[in-house]
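Residue-level listing of the chains:
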Amino acid sequence: MATTTFKGKSFKKIAVWIIVFSGLIAVFFFKINVDMEIPPTHHEDTLPDPPTQNWIQNQFNVAIAMLGKSPYRPPTNWTCKIPRHTYYFPNVKTIFTGVPKCGCSNWIEFLLRAEGAMDVTLDPSEVDAVHSIYSNPFRFGINAGVNEQASLAYAQGGIFSFTVVRNPWTRLVSAYRDKYTTEDRVDAKFYDKMHLVAREMNWRDHNGRPDTTDHPYPSFDQFTRWLLEHLNEVGSHFIPQWLILCIPEAKYDFIVPLEYSNLLSLDIERRLNTSMKLYESYDHSSDPRKQSSALLAKKWLSQLDPELTEKLYYTYKEDFALMNYSNFTHPDFPLPIIQH
């Protein structure tokens, strides 16, 4: 009995030590695995570096070649196809072309403050004032002599010129949301047009029969089909960006992809020697890949008929080439695709 008892106790002790030892081994190897685990790269959450100005200037020449033009060059004068979108700010010695839906309101307000021509704080709903009473004195094509003053100053040297461009897909979606939907942000001036387009497309989609449901605004599919037939009627928010830029007649010293405005605005501030700061995007996210227009562009464009998407791409193909912009299917959409 004694031997049996001893053996029983021995077996119990051995079992306990085995369990303890196994636990220590498990903890040891767990720690090793944790310590050796490769930390996440977070490459999907980190914004790639912006393209260099040298790369951008070369890419602009690619786009201009698509238009059958010679490479763009320093201008003898600033002759723009649509001059009212270009401004000259003499105090900060800057020429700026503001392409609609490329953050132009924020950039114009920034320049007005740097110029000393604006010292009030405006609500976003008062943005029209930025594009009228405040900026008109500096606008080409409206204020007589601005074009000549800018061209003369540029010829004498010391004038800085820049512009901002954007991925055509997110620009299209942003303009649609702003002008042709019933979102709170919709531009009141477009209400009548919005309803007319909705009525026309609903009529067509129902083969000329009255639509029993009330559609106050056209769907994105309806709007893009209508857009391709009325591109000359929709205003500068939807026309190709290259038509608004002063190229190839003029050459910008600095070109900002809107997707990198937060970073590259620092370069602009230094060049202007100003303490003024560019207002950030109204969007909840600072990452352009996660902003509303990018997410909606992915969703809405993927739902369109491929033939319609192809026609839209062809309409804006030179704008895509300006910055070698990514398609909505690309993982880094809407960023430029930088090829070295």
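Scroll up for the structure.
Our subject in this report is the structure included herewith. (Residues numbered from 1 in each chain as written. Predicted model: local features only at pLDDT ≥ 70, side-chain atom pairs only at ≥ 80, totals over all residues. Heavy atoms only, no water.)

Another point: the pattern of salt bridges. By the definition in use, this model includes 13 salt bridges. Arg225 is paired through a salt bridge with Asp221; the nearest N and O atoms lie 3.0 Å apart. Placement of the pair is Arg225 and Asp221 together in helix 8 (residues 220–229), with a separation of four residues, close to one helical turn. The partly exposed category is assigned to Arg225, whose relative accessible area is 25%. Where Arg289 meets Asp287, a salt bridge forms, and the shortest distance between an N and an O atom there is 2.9 Å. On the basis of relative accessibility, which here comes to 9%, the residue Asp287 falls in the buried class. A network of salt bridges, in which partner residues are shared, links Lys101, Asp178 and Lys179. (Salt bridge = Lys/Arg side-chain N within 4 Å of Asp/Glu carboxyl O. Helix = DSSP H or I, 4+ residues; strand = E, 2+ residues; numbered from the N terminus. Buried < 20%, exposed > 50% of the residue type's maximum accessible area, 1.4 Å probe, protein only.)

So, on to the packing of aromatic side chains. This structure, assessed with the given rule, holds 19 aromatic pairs. Between Phe160 and Phe162, the ring centres sit 5.6 Å apart and the planes meet at 15 degrees, which makes this aromatic pair stacked. On the accessibility criterion, Phe160 (8% relative accessible area) is buried. For Phe162, a relative accessible area of 0% corresponds to the buried category. Residues Tyr176 and Trp300 carry aromatic rings whose centres are separated by 5.5 Å and whose planes lie at 85 degrees to one another, so their mutual orientation is edge-to-face. On the criterion of sequence distance, the pair formed by Tyr176 in helix 6 (residues 168–179) and Trp300 in helix 11 (residues 292–303) is long-range, its members being 124 residues apart. Judged by relative accessible area, which is 18%, Trp300 ranks as buried. Joined through ring pairs, the aromatic side chains of Tyr176, Tyr180, Phe220, Phe223, Trp226, Phe238 and Trp300 make up one cluster. (Phe/Tyr/Trp six-rings, centres within 6.5 Å; stacked < 30°, edge-to-face > 60°.)

A few words on unusual backbone geometry. In this structure, Pro248 follows Ile247 across a cis peptide bond, with omega equal to 0 degrees. Along the chain, Pro248 turns up in the loop between helix 9 (241–244) and strand 4 (254–257). Between Phe333 and Pro334 the backbone carries a cis peptide bond, its omega angle lying at 10 degrees. Within the fold, Pro334 resides in the segment after helix 13 (317–322). Non-glycine residue Lys93 carries a positive phi angle of around 50 degrees. Note that Lys93 resides in the loop between strand 1 (86–89) and strand 2 (94–97). Positive phi, normally seen in glycine, also occurs at Asn273, with a value near 55 degrees. Tracing the backbone through its elements, the reader meets Asn273 in the loop between helix 10 (261–272) and helix 11.

Coordinates in, geometry out; function isn't part of it.
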